[in-house]
Each structure stands twice: as structure tokens, then as C-alpha cells.
Amino acid sequence: MQARRVLTTPDDPQPYRELGLADDEYARILQILGRAPTAAELAMYSVMWSEHCSYKSSKVHLRYVGETTTEAMRQRMLAGIGENAGVVEVGDGWAVTFKIESHNHPSYVEPYQGAATGVGGIVRDIMAMGARPIAIADSLRFGLADAADTARVLPGVVAGIGGYGNCLGLPTIGGEVVFDPSYAGNPLVNALCVGVLRVADLHLAHASGTGNQIVLFGARTGRDGIGGVSVLASESFSASHPGQDRSRRKLPSVQVGDPFAEKVLIECCLELFNAGLVAGIQDLGGAGLSCVTSELASAGDGGMRVDLDAVPLRAPGMTPVEILCSESQERMCAVVCPSDVDAFMAVCAKWDVTATVIGEVTDGERLVITWHGETVVDVPPRTVAHEGPVYHRPVQRPSTQDAMHASTPDALARPSTPDALRATVLRMVASPGLCSRAWVTDQYDRYVRGGTVLAQPSDAGMVRIDEITQRGVAVATDGNARYCALDPYVGTQLALAEAYRNVAVTGATPLAVTNCLNFGAPTDPGVMWQFEQAVRGLADGCAALGIPVTGGNVSFYNQTADTAILPTPVVGVLGVIDDVRRRIPTGLGGTGDTVWLLGETRDEFGGSEWAHEMHGHLGGRPPVVDLAREQAIGEVLAAASRDGLVNGAHDLSDGGLAQALVEACLLSGVGARVRLPSQVDPFVALFSESSARVLLGVSGACAHRVAQLCTDHGVTVTRLGEVSAAPVLEIAHIASFTLDELRATWERTLPSLFGTPYPPERESAGST
Amino acid sequence: MPRVVVDVVPKPEILDPQGQAIVRALPRLGLHGVRDVRQGKHFELDVEDDVDAETLHRIAGELLANPVIEDWTVRRL
Amino acid sequence: MPRVVVDVVPKPEILDPQGQAIVRALPRLGLHGVRDVRQGKHFELDVEDDVDAETLHRIAGELLANPVIEDWTVRRL
Amino acid sequence: MSAVCRIGVITFPGTLDDVDAARAVRRAGAQPVPLWHADDDLHGVDAVVVPGGFSYGDYLRAGAIAAHQPVLRAVLDAARRGTLVLGICNGFQILCEAGLLPGALVRNAGLHFVCRDQRLRVENPATAWTGRYAPGADIVVPLKSIEGRYVADASTLSELEGDGRVVFRYLDGNPNGAMHDIAGIASADGRVLGLMPHPEHAIDPLTGPSTDGLDLFHSAVDTVLGSVRG
Ligand SMILES: Nc1ncnc2c1ncn2[C@@H]1O[C@H](COP(=O)(O)OP(=O)(O)O)[C@@H](O)[C@H]1O
Ligand SMILES: [Mg+2]
């Protein structure tokens with residue numbers, strides 16, 4: 001049947017520009033179809049060819065990641081870029097899948113629901129790999145901590161992540177909270193999910209096998225999240241007078257999450273997987289059914305027929321465009337053998353999950369979608385899902401880079417007296433960038449599932465995946481946009497290095513990388529330069545470390561008017577540990593242990609927390625990155641964990657040694673007496689952010705062996721002092737601090753900005 | 001002191017998981033005949049005599065309801 | 001189809017921190033004149049014609065409200 | 001063969017900590033028996049745990065919908081016959097909603113979800129679930145909830161206090177505004193216990209802040225096996 005031409009005459013202007021399609025993109029659609037598209041087709045192409053779904057500006061750059069991934073790096077990779085989420089083999093027959101994704105703009109519009117549905121979306125990505133989701137991390141960026149809008153956005157985002165993640169039964173085991181004015185109108189909400197599966201059970205999203213049934217299951221489809229394409233969604237538009245009625249009520253582009261529905265969907269999916277009832281599966285995320293049908297069809301070997309009348313709807317009178325573009329949450333789509341359909345439906349019924357056959361795999365080559373007996377879509381699915389436009393956007397290093405490099409932090413006034421250094425330590429510890437994140441993380445359940453071995457405020461989160469073998473995985477996310485502004489190539493490698501170090505410091509072996517690239521508009525050549533440099537830095541860095549990028553996400557257009565956010569690649573590293581009982585706790589260990597510093601300290605303050613907090617300065621060069629040294633330190637820690645040589649460890653990052661010492665003392669609840677190395681200026685020793693450094697708490701009996709390990713790996717060691725019985729951090733000749741003072745200073749900042757989470761007043765009624 | 005009631009309900013297009021949960025729970029309690037439920041919020045405000053309609057509408061629209069996803073009504077008792 | 005509204009409010013002796021938070025937030029928004037706020041729930045039910053008053057009262061009192069902590073009213077629109 | 005204590009662990013849609021509760025039961029030497037929300041009998045278990053989570057999303061009110069499920073009717077019957085019942089967090093909320101324990105749990109006074117390692121005092125070591133604790137013992141158990149504020153009318157409170165039915169009390173600051181700092185209460189016969197903190201997350205120092213929660217499960221096993229022998 002010929003597709004019904006909703007807009008018949010050449011005079012009918014199609015609102016493709018309002019849908020975000022460029023003139024040449026629209027021309028290509030005409031060429032592909034050999035006719036004008038129907039409203040439904042136009043909607044599908046426009047959402048699937050959007051930057052978000054098609055990666056049209058980033059594709060040419062991301063290719064470099066694949067090109068630099070060697071066979072050796074691929075060895076443990078069971079699925080990589082291109083699948084919903086990368087999968088790596090971690091031993092004992094287990095595989096782990098993980099991915100990070102952004103939900104930035106929705107979280108600005110409606111912080112609670114935006115963040116909540118961000119968690120929901122990434123969790124479904126993980127389910128689409130046939131895995132059980134087991135943990136979440138959230139990487140958050142806001143405007144200045146004391147800005148009025150931050151008081152609106154931050155509490156909502158945190159409550160949304162907690163509200164969804166806690167109800168879903170996933171422990172939140174890590175993340176970041178960063179403040180910078182560039183995020184004021186553009187908060188970044190990047191959510192990461194980790195899942196596990198047996199290697200044998202990997203499910204990839206393919207719709208193969210003529211006659212296989214397409215089953216939509218989960219929530220009903222409603223009018224939410226239609227946003228952008230609502231220009232096509234009105235009844236009047238598809239009727240005979242297009243373009244006349246634009247006054248109809250604007251649909252909200254916000255989706256509301258239902259974490260309970262998702263929890264049930266997880267259990268339902270796992271039961272379906274275990275029963276072998278799923279031939280292929282895909283989650284519904286951005287672009288809803290448009291995305292899932294075109295992607296499933298083009299990943300298989302045939303065509304697909306879908307009947308929109310079968311889609312269970314939440315609202316009456318939905319048009320085909322609305323049904324195809326709805327971003328209603330908590331839905332999945334499976335490909336099921338006809339003989340398994342009854343069993344599939346029975347499992348869904350047990351979980352009270354709505355499931356409906358909406359179509360089938362055909363032996364044709366087209367995706368044909370019908371509604372009310374008419375064909376509303378008839379397209380080659382690959383042209384929608386995979387053969388979208390590809391842009392080589394202009395790339396131009398901004399001329400401002402040189403000026404930024406020239407404005408070094410060397411001229412900034414540095415504290416030199418003991419009193420000034422002491423005051424600086426306290427000011428830094430209390431700064432929004434370095435203060436305790438407990439206000440945030442206390443709103444997240446880190447205990448659920450009973451397998452959390454490390455969570456905030458540890459350097460990395462760690463969960464046990466096998467209660468018999470005690471195998472576990474660790475994950476950390478990091479990003480430093482100030483370093484990236486100064487040098488996006490090095491800055492991205494520093495983010496990779498930090499996430500790698502945070503995993504290594506727990507005793508786990510880093511295995512794989514995911515990333516979320518948050519940037520301004522790709523039409524800005526300067527932004528594209530940042531992007532290109534970041535991708536190259538990441539890929540080259542991964543090649544140097546020998547661990548592959550298994551997936552990621554790109555978020556462009558993070559800008560207010562013409563001002564882009566700082567370039568913000570967020571890197572997630574996943575590691576494995578064969579026995580979680582050998583994890584290294586974050587901190588210093590206990591009384592009698594000695595405090596060691598691994599690595600070298602240089603005078604490096606470009607982009608540092610100190611320059612930012614004390615001087616509002618951003619200039620110069622970021623710290624030097626040394627991935628070989630990171631790897632060497634990682635090997636020392638893995639060996640130390642295996643042989644039980646260290647009682648605590650903490651990496652050095654933002655805020656340098658001073659911050660690391662304070663945190664390590666507070667986390668272990670012990671004091672320390674340390675002496676700064678005499679060959680380095682005390683200010684530099686305390687606050688420089690040189691990378692590849694770690695603090696260790698070494699038990700006396702093992703000192704010799706740790707020293708030997710470091711020598712063997714070419715890692716410089718400085719003995720700073722010892723853990724002390726007194727609850728005091730004493731830095732010889734400079735200052736001492738009681739733990740109480742440090743704790744109060746570190747902990748009070750966020751509660752004083754965002755309110756105490758504990759009750760302000762007592763219940764009066766009923767008290768005796 | 002005058003009392004004002006503000007009722008806030010999710011917009012019709014917006015998913016209302018709570019209302020749906022109630023609809024499904026009722027028959028299990030042996031309570032039949034309810035086709036649909038939407039759950040919203042109900043606020044009772046004690047206001048001073050001179051608070052005008054405009055102020056009340058700002059209170060409802062800027063604080064009590066989230067206009068992105070909710071509709072509201074204001075009524076003086 | 002007839003519509004029924006059930007409003008549920010916390011009993012007066014139960015502390016209502018949500019209402020209190022609103023009272024505190026209003027002046028910061030430049031909105032004055034509100035002395036007290038209590039936050040409850042508002043349900044809109046679409047019911048079949050033959051649903052009687054007794055059923056409605058059971059729905060409200062057995063499911064929608066918890067009589068230990070809440071009062072409720074039922075009204076047909 | 002020595003007697004085995006069989007402890008049922010109920011799963012509602014949205015229950016989250018059932019796996020953890022079953023693990024704790026096993027650690028205490030008992031046999032966990034999974035119970036499904038739609039079951040209307042308890043398969044002869046000696047004790048029942050209603051675990052934490054967000055049953056039915058906690059939509060409407062925490063525990064409100066779960067309290068009306070078939071398995072809960074079976075729990076009420078069993079409790080009447082003296083079967084031990086433990087409600088943890090959402091389980092506690094469900095038991096209150098079902099009327100098995102008095103009072104209610106409402107939104108935290110601070111309005112936020114609170115996850116923290118909570119110090120508690122064991123006020124009554126004489127219940128079926130607390131026999132292993134020393135009187136006044138000071139324990140640390142994770143608390144993680146947003147509707148954890150215990151409320152009841154004055155006469156209920158004085159009855160609970162007077163009869164020693166306040167079993168656990170918060171120390172170090174009340175995390176949610178609960179009346180009388182109440183973290184957990186028991187039925188008059190001490191066989192039904194509800195508490196907001198999660199003893200099942202405090203059974204192994206690797207994954208929790210302490211092992212203080214394990215004694216709760218041991219105590220129940222003692223009670224059951226003691227009465228079997230006795
Ligand atoms: N938004 C968040 N969600 C969960 N955990 C967080 C969040 N922000 C920070 N954390 C946790 O707090 C701790 C300190 O964070 P951060 O200083 O960024 O760590 P690091 O410098 O080691 O990368 C870490 O355990 C981190 O995972
Ligand atoms: Mg760290």
C-alpha cells in the first residue's frame with residue numbers, strides 16, 4: 001500500500017525547519033523516499049536525525065576511538081561502542097556492562113523529574129544488554145553553590161536521583177558534585193549504571209527471523225515528552241488545513257518517572273531472560289517508538305511491520321506522530337519467537353506488566369507502520385537509524401587559548417607563613433568544591449542489595465557481584481572542566497587518570513572506560529576543537545593505559561545564549577577485584593601505621609582548586625599527565641591489596657595533599673603526624689595538584705615490602721610520618737588541627753547552603 | 001482568619017503513577033466502580049484579610065504547584 | 001461519568017513539616033500574609049453512576065486516608 | 001536431625017531488601033522461605049519478615065497498598081496465633097497500616113530521604129526478637145527512609161512506654177522527628193516487632209557498619225527453637 005500522503009500538494013510547506021531539520025537534510029528525505037514524507041515519517045526522521053540520536057556532529061571524531069582500540073584492548077570486550085552499553089568479561093563467567101548518559105536539559109527545566117528519568121533511562125540501557133542493574137553513580141555539575149538558581153536545581157536533582165534510584169533498589173555508590181558559574185543555566189546531570197550478567201546470557205538488540213513478534217511491554221504510551229515534534233502532533237496539522245491552528249495547548253516536554261514500574265520491569269525482564277524468551281531487546285528512550293522500531297529493524301536482517309493501533313495508550317486520541325515520538329518512560333521492546341509469545345505474556349502477567357504484540361519481523365526490507373488501516377510510515381529503516389547525516393563541522397582552536405595559557409597562576413599571592421597556610425587549609429576544606437558531599441549522598445541508599453563494599457566517600461564505589469567467589473567491581477567517575485578549558489586534550493587525560501587512580505586505589509584492576517562528553521554548540525568551531533581534542537585525549541589515553549572505551553554519550557548545546565559551559569568530558573572507569581575482602585579502604589589505616597606519599601609533586605596550579613577558590617583564577621597549564629606512572633602506581637596498589645600490605649589509601653586530586661590528608665584522617669577517624677618533604681616549598685607540597693600521587697597507610701611490618709614494590713615499579717616514595725593515637729592532624733612546623741575542627745569545617749558547607757536534612761524542630765504533640 | 005484552599009493536580013498529559021496504583025488497588029479491597037483516579041495535593045492556607053487574589057495566584061503558581069507538570073485551582077472558603 | 005473529590009489532611013495534632021516549609025519559604029519569595037499552611041492530598045475519582053455513598057466512604061477511610069493520622073472529606077462534583 | 005527454624009521473607013512488587021533479609025536469616029542459621037505477595041498462606045513458617053523497600057512504589061502512603069494484599073491477611077492470622085513477625089522499614093510501615101502495630105510512619109520532619117549509620121539503644125531485650133541483646137545495648141544499624149517519622153496519639157504513646165513496647169530508640173539526634181525518638185516498637189506479647197533501621201544491612205563488617213543486626217535474627221531463632229524444645 002502506498003503511504004498516505006498527509007501533505008499532498010507541493011504548496012503545502014512542511015515544517016521541517018521547526019523540527020530542526022536543515023534544508024539539505026529535508027532534501028535527502030525527499031530523495032530517499034522519492035516523495036514527500038508523511039507527518040509520521042517526517043517526525044521520525046527529525047527525531048532520529050537530531051544531534052542527540054544521530055551523533056551527526058560527533059561521529060567523525062568518535063571514530064578515532066575505535067581506530068585506536070587495539071586487539072589486545074578488545075580482548076575482554078564482549079560488546080562495544082554501538083551497542084546499548086559496552087560489556088566486559090570480568091572472570092568466573094561474569095560479565096559487567098556499564099554506561100553513563102546525560103540528562104542535562106530536562107534537569108534544568110524540572111530538576112526532580114529530569115534527574116529521576118535520567119536514572120531510569122540509563123538503567124533501561126543496562127537492562128537491554130540482558131543484565132541485572134546493580135549500582136548507580138551520578139556526576140553532577142551546578143552553577144555557583146550560593147547562586148539562587150542552584151538552590152532550586154541542586155536539591156531537586158538530588159531528590160530526583162534518590163527518589164528514583166532508592167525506589168528502584170539500586171545502591172548509589174559514587175559520583176561527583178562540582179560548582180562552576182558556567183553551569184548556571186546548564187546544570188549537568190550524568191548518570192551511570194553498572195549491570196552484571198553471565199557471559200553466556202548476553203542479549204543484543206537485533207530483530208532477526210521473519211515472523212518473530214515485536215512485543216512492547218511496560219508502561220502505557222502517553223503524550224509526555226513529545227516536546228519538539230508537537231508541531232506535528234496536533235490533529236489540525238495532519239488534517240486538511242496544515243499550519244492553521246498553532247494555538248493549541250503546548251504539550252509539556254517533561255516526562256514523569258515511575259520508579260516502581262521500572263523496578264517491576266527489571267524483575268520481569270530478568271525472569272524473561274532466564275526463561276530464554278527473548279530473541280532481542282531494546283529499551284525505549286529518547287525518540288521512543290521511532291527509535292526502537294527503526295533501530296531494531298535495521299540491526300536485524302529483514303524488515304518490520306508495526307501496527308500503532310495495538311500500542312496501549314494512556315491518553316485518548318493520540319495521533320501517529322504522538323505515538324511514535326512519545327518519550328513515556330519505563331517501556332521496553334522485545335523480539336520474541338512466535339512459539340514463545342504465550343510464555344512471554346505469562347511472565348509479564350505475573351509481574352502485572354502490560355505487554356502487547358505490536359508487530360512482526362518481515363522478510364522485506366522496509367519498516368512499515370500502520371494506523372487505522374492506513375500506512376503512515378514506509379521507509380528503509382537504516383536510513384532512519386543509521387544513515388543519518390554526518391557533518392564535518394569546522395574546527396578551530398580559539399585564539400583565546402594563548403591568552404589563557406599566558407595568564408599563569410605564578411603571579412597569584414601565595415600563603416607563606418604557618419598561620420596563612422593553616423587558614424588556607426581550612427578555607428579550602430570548607431570550599432564548595434572540596435567540602436563533604438554527605439548532604440547529597442545521605443539522600444541515596446547505598447546499602448540496598450547488600451553487596452556494597454565501598455561507597456561515598458570512598459575514592460571509588462565497589463560492589464560484590466558473586467557471594468561465593470567474592471568477586472567484585474569498582475567504578476569511579478571524574479572530570480575536571482577547568483583543566484579541560486586550559487587544554488582539552490590533557491584535561492581529558494587527567495580525568496581518565498583520576499578515575500583510573502580512584503579505582504586502582506581500592507585495589508581493583510581498571511578494565512574499561514565509559515564517558516559522557518558535555519560540550520557547547522557543535523556549530524561553534526571553538527567548541528568543536530575542544531571536542532576533537534577531548535576525544536583524541538581520551539582515546540590516546542586509553543591506548544596508553546591499555547583499557548578500551550566501551551561506550552558513552554555526547555551532549556552538545558550546553559550553553560546559555562552564546563556562552564558555552566566549560567568543556568566537560570566525564571570519564572567513568574570500571575575495575576575488577578577477585579576478592580572484595582581484599583579491598584583497600586579509603587583512608588590511612590590505624591594507629592601504628594606509617595603515612596606514605598607515592599609520586600612526585602611539582603609546582604602545578606593551573607586550573608587548580610586553590611587558584612579558583614582563593615583567586616577566582618583560571619589560567620596557565622593544567623598539571624602534567626603521566627599515564628605510565630598512573631599505571632605503575634596501579635600495579636603497586638593491586639599487589640599491595642593482593643598481599644594485604646596496606647591498611648588504607650587515598651588518591652590526591654583536587655586540593656592536593658592537604659585535602660587528601662584531611663579526608664584520609666576523617667574517613668579513618670585517626671590523627672596523623674606528618675612532615676612535609678624539605679625539598680619542596682610547603683605551599684606547593686600542600687596544595688599543588690600534580691597527578692599520579694597516592695597517600696598510603698602502611699603497617700609497620702609490611703613497610704619493607706611496599707618499599708620494594710615501589711622500587712620495582714619505579715614509583716617515588718616519601719615517608720611523611722605516622723598515624724597517631726591523638727585525634728589531631730599535625731603538619732610539622734606548620735599547623736595542627738583537631739579532627740573535630742576539621743570535621744566541622746568540612747561538613748558544614750552544604751548544609752548551611754541547602755538546609756539541614758535533619759528535623760529543625762521536635763514534634764510537640766503527644767510528647768510526655 | 002480567612003481560609004483558602006489550593007488544589008494541585010498533575011496535568012492531564014502527565015503520568016500519574018500514584019493515581020494508577022490506587023485504581024489497581026481498589027478492586028483487591030473489594031471496592032468496585034472507580035474508573036480512574038488522579039492524585040494531587042491539597043493545601044489549606046490561613047491568610048490575613050488583606051491578601052488579594054493576585055497574591056494567592058502567585059503563591060499557588062510559584063510555590064505550591066509546579067506549572068511545568070501541574071494545574072491548580074484556588075478557592076476561598 | 002460522575003466525579004468525586006476526596007481531600008485528605010493531616011490531623012491538627014500531627015506536625016506537618018511540608019506545610020511549615022511552605023510558610024517559611026513564602027516571605028523569601030516576597031509573598032506575605034500567609035499565617036499557616038497544611039498540606040494534604042487531593043484525589044479526583046471518576047466513578048460509575050451506581051457507586052453509593054457508603055462505598056465512597058470506605059474508599060476514603062480504608063485506602064485514601066489513614067485515620068490514625070489523617071482526616072478526610074468526600075464530595076461529589 | 002536438629003530442628004530447623006523456617007523464616008518466611010515476603011516479596012511484594014517493589015520490595016527491595018528481601019534478598020538481604022534472606023541472607024541475614026541464613027547467617028543466623030535459619031532457613032529463609034520466600035513468600036510472594038499473592039500467596040494466601042505462609043507455608044507453615046515459624047516466623048515472618050516483612051522486608052524493606054517501596055512496595056507498590058509506596059504510592060499513596062508508604063505501605064498502604066501492601067497492607068491490603070492477600071499475604072498480609074495470612075500474616076495477621078498467623079500473628080494472632082503467635083507466629084513471630086518482623087517488619088523492617090517498609091515492613092514496619094506495612095504492619096502499622098495493617099493495624100498489627102499501633103501508630104503510623106510519616107514523612108521525615110527534615111523532608112529528605114536519610115541514609116546513615118544510626119546509633120540505637122535497645123530498650124527492651126525481652127521481646128521475641130531481642131533476647132540476644134544486653135539491656136540498654138548501644139548498636140549501630142543503617143537507617144534509610146523518607147517516611148520514617150513515628151507518630152501516634154498520646155494515649156498510645158503512654159501505653160507503649162508504660163508496657164516497655166518501645167524496643168529501639170534513636171541516639172545521637174533524632175534523624176526524622178519520630179515521637180519519643182522511637183525507632184522500633186513491639187506488640188503487647190513482644191512477638192511482633194517493627195523498626196525503621198535495617199538490621200539485615202548490619203550483619204557483616206564488609207558490607208555494613210557493624211554486625212549488630214545479626215542478633216535480632218539469632219534472637220528469633222532462639223525463641224522459635226526454644227519454644228519447639230520447651
Ligand atoms: N553526586 C554524588 N553522588 C554520589 N556520590 C558522590 C557524589 N558526589 C560525590 N560523591 C562521592 O563523594 C566522594 C568524594 O567525591 P570526590 O571528591 O569527587 O572524589 P574524588 O576526588 O576521589 O574523585 C566520592 O566517594 C564520591 O563518589
Ligand atoms: Mg579520589
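Everything numeric in this text was worked out from a predicted model, so none of it was measured.

Let us now look at the site of ligand 1. Residues and elements named next belong to chain A. In the region of ligand 1, 19 residues are neighbours, and Asp-138, Gly-174, Gly-175, Ser-458 and Asp-478 sit closest. Asn-502 has a polar side-chain atom sitting 3.1 Å from an oxygen atom of ligand 1. In isolation ligand 1 has 550 Å² of accessible area, and contact with the protein removes 87% of it. Within the residue set of the shell around ligand 1, elements represented by two or more residues are β4 (132–142), β5 (172–179), α18 (438–441) and α20 (488–504). Considering every element that reaches the shell around ligand 1, the biggest residue donor is β5, with four residues.

A few words now on the interface of chain B and chain A. Contacts between chain B and chain A engage 11 residues on the former and 15 residues on the latter. Summed over both sides, the interface between chain B and chain A buries roughly 1100 Å², with carbon and sulfur atoms accounting for 62% of that surface. Counting the surface chain B buries against chain A, the share from its top three residues, B:Glu13, B:Leu15 and B:Val68, is 53%. Taken together, the links from chain B to chain A amount to zero salt bridges. Our count for the chain B to chain A interface comes out at two residue pairs in polar contact (both at pLDDT 80 or more).

Mapped onto the elements of the fold, D:Asn174 is located in the loop between β9 (166–170) and β10 (182–186). At 2.8 Å, the side chain of D:Asn174 and the side chain of D:Asp181 are in polar contact.

All names here are of chain A. The coordination sphere of the magnesium ion (ligand 2) contains the protein donors Asp-459 (OD), Asn-502 (OD1) and Asp-651 (OD), at a distance range of 2.1 to 2.3 Å. Counting residues between consecutive donors of the magnesium ion (ligand 2) along the chain gives the motif D-x42-N-x148-D. You can see Asp-459 sitting in the loop between β14 (452–454) and β15 (461–464) and its partner Asp-651 sitting in strand β23 (residues 646–651), a full 192 residues away along the chain.

Turning our attention to the sheet that holds β10(D). All names here are of chain D. Across the sheet, which stays open at both edges, the nine strands sit in the order β2-β1-β3-β4-β11-β10-β9-β6-β7 with mixed pairing between neighbours. Edge positions in the sheet fall to β2 (31–36) and β7 (138–145), since each has one partner strand and no second. In this sheet, adjacent strand axes meet at a mean angle of 25° when their direction is disregarded. As defined by bridge partners, strand β1 (residues 6–11) adjoins β2 across six bridges and the pair is classed as parallel. Note that in β2 the partner of Val-9 across the bridge is Pro-34.

Along the polypeptide, D:Pro13 turns up in the loop between β1 and α1 (18–27). By relative accessible area, which is 9% here, D:Pro13 ends up buried. Spatially, the C-alpha atoms of D:Pro13 and D:Ser55 are 5.7 Å apart, while their sequence positions differ by 42 residues. Sequence-distant contacts of D:Pro13, that is, excluding residues within four places in its chain, are made with A:Phe260, A:Val264, D:His37, D:Phe54, D:Ser55 and D:Tyr56.

The next subject is the sheet that holds β5(A). All names here are of chain A. Reading across from one edge, β1-β2-β3-β6-β4-β5 is the order of the six strands in this open sheet, with mixed pairing throughout. For this open sheet the edge positions go to β1 (77–79) and β5, each flanked by a neighbour on one side alone. Across this sheet, the average inter-strand angle for adjacent strands is 25°, counted without regard to direction. Summarising the sheet, β4 and strand β6 (residues 188–198) pair through nine bridges and their orientation is antiparallel. Within the sheet, the bridge partner assigned to Arg-141 lies in β6 and is Leu-188. With respect to the sheet, helix α7 (residues 111–127) is in contact with β3 (94–102), β4 and β6, its orientation differing from that of β6 by roughly 25°.

Let us now look at the interface of chain A and chain D. Counting residues at the interface gives 40 residues for chain A and 39 residues for chain D. Between chain A and chain D, roughly 3200 Å² of surface is buried when both sides are summed, and carbon and sulfur atoms account for 59% of that area. Where chain A packs against chain D, one counts two salt bridges. Between D:Lys144 and A:Asp445 there is a salt bridge whose closest N-O contact spans 2.7 Å. Scanning the region where chain A abuts chain D turns up eight residue pairs in polar contact (both at pLDDT 80 or more). The element best represented in the side of chain A that touches chain D is helix α11 (residues 259–274) of chain A, accounting for four residues. Of the residues assigned to the side of chain A that touches chain D, the class counts are 17 nonpolar, 10 polar and 13 charged.

About the criteria used
- Counting from 1, residues in each chain are numbered in the order their sequence is written.
- For naming, the first written chain is A and the first written ligand is 1, with later ones following in the order written.
- Thresholds applied to this predicted model are a pLDDT of at least 70 for local features of residues and 80 or more for the giving and counting of side-chain atom pairs; totals over whole chains, interfaces and linings are not thresholded and use all residues.
- Note that water and hydrogens are dropped before the side-chain values are worked out from all heavy atoms of the structure.
- Nearness is defined per residue: one heavy atom within 4 Å of the molecule or strand is enough.
- Contacts described as polar in this section are N or O atom pairs within 3.5 Å, which, within protein, must combine one atom able to donate a hydrogen with one able to accept it, while residues neighboring in sequence count only if both atoms come from side chains.
- In short, Shrake-Rupley with a 1.4 Å probe defines the accessible areas, and a residue's cover is counted only from the protein chains shown.
- A run of H or I in DSSP becomes a helix once it reaches four residues, and a run of E becomes a strand once it reaches two; helices and strands are each numbered from the N terminus.
- Every residue pair with non-hydrogen atoms within 4.5 Å of one another is taken to be in contact.
- The buried area of a pairing is the accessible area, by a 1.4 Å probe, that goes missing from both parts when the two are put together, added over both.
- Salt bridge, as used here: a side-chain nitrogen of Lys or Arg that lies within 4 Å of a carboxyl oxygen of Asp or Glu.
- Donors, by definition, are the N, O and S atoms found within 2.8 Å of a metal, the threshold being 3.2 Å for Na, K and Ca, and water is not counted, so a site can look incomplete.
- Note on pairing: two strands pair once DSSP finds at least 2 bridges between them.
- Geometry is summarised by axes, namely lines fitted to C-alpha atoms with helices restricted to the contacting stretch, and by angles between N-to-C directions that run from 0 to 180 degrees.
- Exposure categories follow from relative accessible area, calculated using a 1.4 Å probe and restricted to protein chains: below 20% of the type maximum is buried, above 50% is exposed, and the middle band is partly exposed.
- Gly counts as polar in this scheme, as do all residues outside two lists: the nonpolar Ala, Val, Leu, Ile, Met, Phe, Trp, Tyr, Cys and Pro, and the charged Asp, Glu, Lys and Arg.

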